[in-house]
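Residue-level listing of the chains:
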Amino acid sequence: MASSTNGALVICIVALTVVTNALPLLGRLEVVPSSRVKNGQQVRLSWKPRPLEEDWVGLYCPPDRDGPLFLQRWPVPDSATYENGYWTTKITFEGGARAPLQGHLALTGNPTEMRVQWTSGSNDAPVVLYGLDPDSLEGGAVGSTRTYNYTDMCGPPANTSEAFVDPGYLHDALLTGLAPSTKYYYQYGDGSLFSAVTSFITSPEPYTFSMQPFTFITYGDMGLSPAPGASKVAAMVLQEVENGVSFVMHQGDLSYALGHAYIWDAWMSLIEPYSSRAPYMVSIGNHEQDHTMGGANDPSHASGNGFHPWWGNYGDDSGGECGVPFYNRFHMPEQHGYQPWWYSFDYGMAHFAVISTEHNFTRGSIQYQWLESDLEMVDKASTPWLILVGHRPMYSSEEYFGDYVVTLNMQQALEDLFHQYRVDLALWGHYHSYERTCPVYRQVCDPSGTVHVVIGSAGNTLDDVPTFYAPWSEHFDPSFGYGRVTVENSSALLWEYVRSKDASIPDRVWLTH
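Rules used in this analysis
- Residues numbered from 1 in each chain as written.
- Predicted model: local features only at pLDDT ≥ 70, side-chain atom pairs only at ≥ 80, totals over all residues.
- Heavy atoms only, no water.
- Buried < 20%, exposed > 50% of the residue type's maximum accessible area, 1.4 Å probe, protein only.
- Helix = DSSP H or I, 4+ residues; strand = E, 2+ residues; numbered from the N terminus.
- Pairing = 2+ DSSP bridges.
- Expected span 1.5 Å × (residues − 1).
- Contact = heavy atoms within 4.5 Å.
- Axes fitted to C-alpha atoms, helices over the stretch in contact; angles between N-to-C directions.
- Parallel < 35°, antiparallel > 145°, perpendicular 65-115°, else oblique.
- Nonpolar A, V, L, I, M, F, W, Y, C, P; charged D, E, K, R; others polar.

(A) The pairing of strand β27 (residues 450-455), seen in detail. Of all six residues making up β27, six are buried, and the element is well covered by its neighbours. Burial along β27 is two-sided: the face carrying Thr 450, His 452 and Val 454 and the face carrying Val 451, Val 453 and Ile 455 are both buried. Where strand β24 (residues 425-428) and β27 come together, four bridges link them in parallel fashion. Counted as the bridge partner of Leu 427 is Val 453 from β27. Across five bridges, the pairing between strand β25 (residues 434-441) and β27 is antiparallel.

(B) Layout of helix α2 (residues 262-275). With 14 residues, α2 should reach 20 Å at 1.5 Å per residue; the first-to-last C-alpha distance of 19 Å fits that figure. Of all 14 residues in α2, 12 are buried, a share of seventy percent or more. Looking at α2, one finds that the buried residues are Tyr 262, Ile 263, Trp 264, Asp 265, Ala 266, Trp 267, Met 268, Ser 269, Ile 271, Glu 272, Tyr 274 and Ser 275.

(C) Quick peek at the environment of Met 268. With respect to the secondary-structure elements, Met 268 resides in helix α2. When its relative accessible area of 2% is taken as the criterion, Met 268 is described as buried. Placed 167 residues apart in sequence, Met 268 and Leu 101 show a C-alpha to C-alpha distance of 8.8 Å. For Met 268, the residues in contact, after removing those within four places along its chain, are Gln 102, His 104, Arg 329 and Phe 330.

(D) Just the pairing of strand β14 (residues 169-175), in detail. For β14, the tally of buried residues reaches five of seven residues, placing the bulk of the element in the interior. Relative to β14, strand β10 (residues 114-120) runs antiparallel, the two sharing seven bridges. Residue Thr 119 lies in a different strand from β14, and its bridge partner there is Leu 170. Strand direction decides the pairing type here: strand β13 (residues 144-146) and β14, joined by three bridges, are antiparallel. Within β14, the position partnered with Arg 146 by the bridge is Leu 170.

(E) Spatial organisation of the packing of helix α5 (residues 366-377) against helix α6 (residues 401-420). The interhelical angle for the contact between α5 and α6, taken along N-to-C directions, is 10°, at an axis separation of 10 Å. If you check the angle between α5 and α6, you find them roughly parallel. Listed contacts from α6 to Tyr 368, Leu 371, Glu 372 and Leu 375 of α5 are Ala 413, Leu 414, Leu 417 and Phe 418. Residue classes in the contact of α5 with α6 are distributed as seven nonpolar, no polar and one charged.

(F) Structural detail: the sheet that holds strand β11 (residues 127-131). Strands sit in the order β12-β11-β15-β16 across an open sheet of four strands; the sheet is antiparallel. In this open sheet, the two edge strands, each paired with only one partner strand, are β12 (139-142) and β16 (198-201). Ignoring strand direction, the axes of neighbouring strands in this sheet form an average angle of 30°. Pairing between strand β15 (residues 183-189) and β16: four bridges, direction antiparallel. The partner of Lys 183 across the bridge, within β16, is Ile 201.

(G) Just unusual backbone geometry, in detail. The residue after Ala 227, namely Pro 228, is reached through a cis peptide bond having omega 5°. Mapped onto the fold, Pro 228 is located in the loop between β17 (214-219) and α1 (230-242). In the segment running from Gln 339 into Pro 340, the intervening peptide bond is cis, with an omega of 0°. As for its placement among the helices and strands, Pro 340 is situated in the loop between β20 (337-338) and β21 (342-347). Backbone geometry places Arg 422, a non-glycine residue, at a positive phi of 60°. As for its position among the elements, Arg 422 is in the loop between α6 and β24. Of note, Ala 503 is a non-glycine position whose phi angle comes to about 55°, a positive value. Structurally, Ala 503 can be placed in the loop between β30 (492-499) and β31 (504-512).

Here's what the structure looks like:
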């Protein structure tokens, strides 16, 4: 959100206050630019006289908040406290409240469709204009609108007015009748104010009609952090999308809002440059879902207060959100499963099964029955690659005892299913590091097993714990980065780990049939 640069503070959003306890109240607060600021644009804040040690800059939204109701505050270094008073300035944004923001795409599993979602302050009918020519958007689709309030959440701080910021109106439009593997231009808005024109490429036809290679990016546990964390990863993924990556898969722990609503807006703005150009597919993590009270508000309708097995370390990790922002902001494929918690889709030569490790996945559960049915229906002649995605991993060598117990119970519940239906690659997050296994089954390297990858290193604080010896662990790196998967053909898939601090590829392996 902010960083100090040569005595001035760089801020990303809204109303700013320098709080002081000194007299006289003679000073000036300057923000450049202060009007018609573009969404996500950085502004520079400076003030006179020289700030003292205990001064701080507060971020308020809406701007009529004051005192302790800041969204976030930053101490000003090298100063002491003023006495009594504050100076305030306001920032206005280009397009005002009606501006369409936070655009993101989603696959539906149908190569003739694309879903478009965005946020604005307008409740007028949402519209997407699209076409093959950026200067002639002849197609149109009208969407639906929803929103949520703090009273929809399960617990604090998410269900308090102090932590809540109105998300605005969340719009959702489905484009149909598209041609597979085709570039479309589009813009979205309310009929009077539209986003800039950008583009996407539709999914390829099924493998039986096309052996088209494709590449996707995958990571988990992002949030907001400076380089080489989330901001660097986001910049590198934008470059990947510009180079032709087909979509992004984010396996849980998205914004790390933890009940502080404005962080969702800041994080959605971070990913918008590429989530509006390539589909952004998600699975739910503990920091979106887990709660210990208010279960009646859980939009997944899990029993009681959700999944809390006796052997698990499932707590109140969502800050009371219980999946409400996640559910309202992301619409995943509907044909198979219980979106957005668990679902599946085909893309070219691969079938993707996305599970929720935050809901009951044990044998006999609704989700287990769905997964077994979904894997059983996979036609490996049409989709020869089977990729599973979830948040908490089945394998990790980090010495977190509570999480280790969860991995053992996941192996007991799901590993035979993976082996029976020949899951090739399992993508996980949760641990803030990178780790890849050999093809493994029952903790033994086995050519018929599944390669497990933990790639929870997209931006949140890195893990700093020892690892235990694990013969199935082939590469471990506690650094920020992301994964790149290239499905080359029916018998070859390339996995690459890209480290953000030096843009290197310290781990690369081919999976073959």
